[in-house]
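Take a look at the letters that make up each chain.
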Amino acid sequence: MSVLNNNIMDTLRPLNIPHSDIPPILLRVENLEKHFGGIVALSDYHMEIRTGELVGLIGPNGAGKTTVFNLLSGVLKPTAGRIYFNGREITHLRPDQNSALGISRTFQNIRLFNQMTVAENIKASFHQRLGCGLWSTLLQIPAYRKSEKKISIECDKFLELFNLTPHRNEPARNLPYGVQRRVEIARAMATMPRLLLLDEPAAGLNINETEEMMALIRNIHQEYRLTIFLVEHDMRLIMSICQRIQVIDHGHPLAEGRPEAIRKNPRVIEAYLGKTKEKHHVKN
Ligand code: ATP
């Protein structure tokens, strides 16, 4: 068993989960490396995430967090290393192929169809999964009408779940930032992913909006038994909702464990605050 596997076992042991009930590994990353010219953004990066886990990825600015997400979602190709999803190697797949396999993500800078309404934005994602093909759409045959009806019903459910019903017909560009973030997550969820990658879901949100975001992530994690991997700078969010946290620094894993252990880990404190402030703890 690898060191990381032991870390996961350490995380699960206090929860009294019997060995036989430990969920299977959904994502495995081995020795991932990414160079940008002379810059080594990631080196010997490894990670395992089990089905149903809610895991956080933290690290100082420039540590390589977004690069990890870009590699996992297929936006970037690694210089070396391998990525496995649900037992299948996906290292060199494109974003649309990863999405079809069940990996969905949000971005640090929100990416919505700004001219389209909230409902249209969400429906566009449902079309990827439930749409019935070009010819049926052009000819508007019964199969097309049936799939449109299904998409409409599913979209209404999502509008409710994400508290977006009042904004249903508003163009995305008119929405406050916090609402746009919820639309982005709803869109990612509408592809019914098995793994949801959230890149800084609380970025730009005020305290109340961050509280709402925490509740929303907890809710979708529990409601859909979804596996979530999230990058976040907001320590309160990460410490209070994640079951396990991985810390990276200079593109390399530095520590991994339950939030309370990470908060006290001297190497993590040093990476965040520098050697001179070792006595401080990472605050939640
Ligand atoms: P932050 O918390 O500030 O968002 P991060 O942990 O997400 O940072 P990355 O954005 O992954 O860090 O960047 C890791 C390193 O790779 C940095 O040194 C960054 O400058 C570099 N880098 C990232 N993308 C590129 C790119 N497209 N071209 C060149 N260098 C890049």
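None of the values given here were measured: they were computed from a predicted structure.

Parameters at a glance
- Counting restarts for each chain: residues are numbered from 1 in the order of the written sequence.
- At least 70 in pLDDT is required for a residue's local features to be given in this predicted model, at least 80 for side-chain atom pairs to be given and counted, and no such filter applies to totals for whole chains, interfaces and linings, which use all residues.
- As a rule here, side-chain values come from all non-hydrogen atoms in the structure, and water together with hydrogens is ignored.
- Each reported salt bridge corresponds to a side-chain nitrogen of Lys or Arg within 4 Å of a carboxyl oxygen of Asp or Glu.
- Note on exposure labels: buried denotes an accessible area under 20% of the residue type's maximum, exposed denotes more than 50%, and partly exposed covers the range between, all computed with a 1.4 Å probe on protein chains only.
- Going along the chain from the N terminus, every DSSP run of H or I of four or more residues is numbered as a helix, and every run of E of two or more is numbered as a strand.
- A pair of strands is treated as paired once DSSP finds two or more bridges between them.
- Working rule for contacts: check all heavy atoms of both residues, and any pair within 4.5 Å makes them a contact.
- Where helices are involved, their axes are fitted lines through C-alpha atoms of the stretch in contact, as for all axes, and angles between N-to-C directions lie from 0 to 180°.
- We define the nonpolar core as a collection of buried residues of types Ala, Val, Leu, Ile, Met, Phe, Trp, Tyr and Cys that are connected through side-chain atoms lying within 4.5 Å of one another.

Asks: Before we move on, could you go through the pattern of salt bridges and cite the residues and values that matter?
Replies: With the rule as written, the count across this model stands at 12 salt bridges. Here R94 ties to D96 by a salt bridge, and the two come within 3.0 Å at their closest N and O atoms. Residue D96 is classed as partly exposed on the basis of its relative accessible area of 43%. Here R168 and D156 are joined by a salt bridge, their closest N and O atoms 2.5 Å apart. Linking R168 in the loop between α6 (142–161) and α7 (177–189) with D156 in helix α6, this pair joins segments that are 12 residues apart in sequence.

Asks: Mind laying out the sheet that holds strand β5 (residues 88–89), listing which residues take part and the relevant values?
Replies: With respect to topology, four strands assemble into an open sheet ordered β2-β1-β4-β5, the strand pairing being antiparallel. Pairing within the sheet leaves two strands with one partner each, and these edge strands are β2 (39–50) and β5. Pairing geometry for strand β1 (residues 25–36) and β2, over eight bridges, is antiparallel. Within β2, the position partnered with I25 by the bridge is R50. Against the sheet, helix α2 (residues 65–72) makes contact with β1, β2 and β4 (80–85), and its axis sits at roughly 115 degrees relative to β1, the strand it touches most.

Asks: Tell me about the nonpolar core, residues and numbers included.
Replies: Grouped together as the largest cluster of nonpolar side chains are 47 residues, with contacts concentrated most on I122, F162, L164, I228 and L230. Considering each element in turn, this core owes the most residues, six residues, to α7. Among all residues touching L164, those that are not within four sequence positions of it are V118, I122, L159, V179, R182, V183 and A186. Core analysis: the next-biggest nonpolar cluster, separate from the first, contains 26 residues, L26, L72, I90 and L195 among them.

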